[in-house]
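Observations on chain architecture
Here is what each chain is made of, one letter per residue.
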Amino acid sequence: MPIVVTGLSHRTAPVAIRDGVAVLPKAVDAVLHALQHIPIVSECALLSTCNRTEIYLVTSQVDEAIDQVWDIVGKESGISPEELRAHLFGHVDAEAVRHLFGVASGLDSMVMGEPQIAGQVKDAGAFALSAGSSKTILNRLFRSATEASKRARTETEIGTGAVSVSFAAVELAKKILGNLEGQRALVLGAGEMSELTARHLIDNGVKSLTVASRTLERAEDLAERIQGRAIAWDVAMAHLDQADVVISSTSAEVFVLERDAVAAAMQKRKNKSMFLIDIAMPRDIDPEAGKLYNVFLYDLDDLESVVGANLEKRKIEAQKVAHILDEEVRAFVAWINSLDVVPTIVALRQHFQGFLESELEHARLDDLTEEQQAQIAYLLRRYMNKLLHKPVTRLKEAAEAEDGMGYVEALSYLFELSSSAQQKTAQHTNEEIPDVR
C-alpha cells in the first residue's frame, strides 16, 4: 500500500492557518488514536511543529484517506474545509519518503539546516510507535529519516555557520572573548531580538545576565523568562563597566550608549575587552564607541553580512545533501519493494519444508539410531537451503529493481503456493526479510 504525506507548512500556509491546525503535544495521542480508527488507514504518524503539521499514512485509498484525515485534524481549527485544503500539499510513495528525509535534514526548514527538526522527526516517529499507530512501514520510514539526517549533518556542512542575527552575534562574541563561560552580559531593552540573543548567551555559558529597560516592569518580565536579573536603567548605566557583553535593542530614536559612556566604563575595566552588540534599528550605540581600544562593536549590517555569507554556504551544501538523500531514498524504496516478495519467500520455504518432513516421516529409518536419523534430517535441510538460496537471492534482487512481482507470480504458479498462506505470512511479516540459505 502507498506511503502518503499530507500537510501544510510555512511554504504553503500563512501563520494563522498553521496555528489553527497545529496539534499541541498533549493532544497528539488523541489525534493518532482517532486516525487509527479510519478503516482504510493501516499506519499513521503525526509531525507538528511551529512551521508544519504533517500526517504520514499507509493506506490503500489515498484520496479518501486524506479527506478523512483532515476531517479529523481540521475539525477543531475553526477553518473551513475549503480554505484549509487550499493550503495542503501531498506526496505519495518515493516523493513522500524524500519529503520526510528532506524535512529531517533541514532542507525544508524556514532556516535551512536548522538542527531542531531532526529531533522533532525522531520524536514523532517514536511517539507513533509507542502509540501503536506506526508499525513496520512507518517505523522504518522515520528511523531511516533520522539516519539520513545524520548522514547529511556529518558528511556536509549544512548545519554550520550562524544563520540568524542573534546567533551570529554570539558566535562573534565567542571568537573575540573566547569561551563565554564566566562572562557577564547586560541586555538593554526587552524586545524579541534581545531575548533571542540573551538565550543564545545563556546556552553558551555566560556567568550572569542582567536586563535593563526604560520600563522596569518589562525588564522584570524578560529577566524572569530567561532566568536573569532586572535592574533600573540608571543603575545599568552606572555599572556598565561590569558587563563583558552588552546587547542593545531598544526603540530609542537616539543613541542610548554614547562614546564617552563606553570610554568611562573601559577606564574602570582597565581596558579589559568589551563586546557590544547593537541589534537596534535605528542604532542604539554610537559607532565612535567601536573605535575605542579593546571595544568590539557590531551592528545589524555587520551581523547580517555574516548571516548572508553563511546562508550562501548552506545553499551550496544543500546540493551535497540532495545527493545523499537520493541514495537514502533509493535504499528505502528498494526495501519497500522487497517486502512484496517476503510472503512468497516464506511460503516457498514452507512448501519445501513440508515435502522434506513428509518424506522423512515416510522413510524407513527405524533401523537407524536417533543420532543417525537427526544427521540425515540435518543434511536434507542443509541441501534444501542451498537449493533455495540462489532463487531467493535473485527474487530479492528483482524486487529491489521493481520487477519482482512477475517472478512472484511465476513461483506461485510453478509450485502451487497457496495465496491464503502468502496473505497470512504477509500479515505477520517482520521488518527484515528472511535469509534463506
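Residues numbered from 1 in each chain as written. Predicted model: local features only at pLDDT ≥ 70, side-chain atom pairs only at ≥ 80, totals over all residues. Heavy atoms only, no water.

**Brief notes about the side chain of Ser 213**
Tracing the backbone shows Ser 213 in strand E6 (residues 208–213). Not counting residues up to four positions away in its chain, the partners in contact with Ser 213 are Gly 189, Arg 218, Ala 219, Ile 231 and Trp 233. (Helix = DSSP H or I, 4+ residues; strand = E, 2+ residues; numbered from the N terminus. Contact = heavy atoms within 4.5 Å.)

**Comments concerning the packing of aromatic side chains**
Tallying each qualifying case throughout the model produces four aromatic pairs. Centre to centre, the rings of Phe 275 and Tyr 298 are 5.6 Å apart; their planes meet at 40°, and the pair counts as tilted. Of this pair, Phe 275 sits in strand E9 (residues 274–278) while Tyr 298 sits in strand E10 (residues 295–299), placing them 23 residues apart in sequence. Measuring from centroid to centroid gives 5.5 Å for Phe 332 and Trp 335, while their planes differ by 45°, and the two rings are tilted. One end of the pair is Phe 332 and the other is Trp 335, both in helix H13 (residues 300–339) and three residues apart, which spans about a single turn. The pair Phe 332 / Trp 335 is uniform in exposure class, with both members buried. (Phe/Tyr/Trp six-rings, centres within 6.5 Å; stacked < 30°, edge-to-face > 60°. Buried < 20%, exposed > 50% of the residue type's maximum accessible area, 1.4 Å probe, protein only.)

**Focus on the sheet that holds strand E2 (residues 41–49)**
The strand order E2-E3-E1-E4 describes an open sheet built from four strands, whose pairing is antiparallel. Each edge of the sheet is formed by a strand with only one pairing partner; in this case those strands are E2 and strand E4 (89–92). Ignoring which end each strand starts from, the neighbouring axes of this sheet average 15° apart. Looking at chain direction, E2 and strand E3 (residues 52–59) are connected through eight bridges and run antiparallel. (Pairing = 2+ DSSP bridges. Axes fitted to C-alpha atoms, helices over the stretch in contact; angles between N-to-C directions.)

**Details of the sheet that holds E9**
Strand order in this open sheet of six strands is E7-E6-E5-E8-E9-E10, and the pairing throughout is parallel. In this open sheet, the two strands that pair with only one neighbour each are strand E7 (229–232) and E10. Pairs of neighbouring strands in the sheet enclose a mean axial angle of 20°, with direction left out of account. Looking at chain direction, E6 and E7 are connected through four bridges and run parallel. Directly across from Val 211, in E7, lies its bridge partner Ala 230. Along the sheet, helix H8 (residues 165–177) makes contact with strand E8 (245–248), E9 and E10, crossing E9 at roughly 165°. On top of the sheet, H13 reaches E9 and E10; it is set at about 70° to E10, its chief contact.

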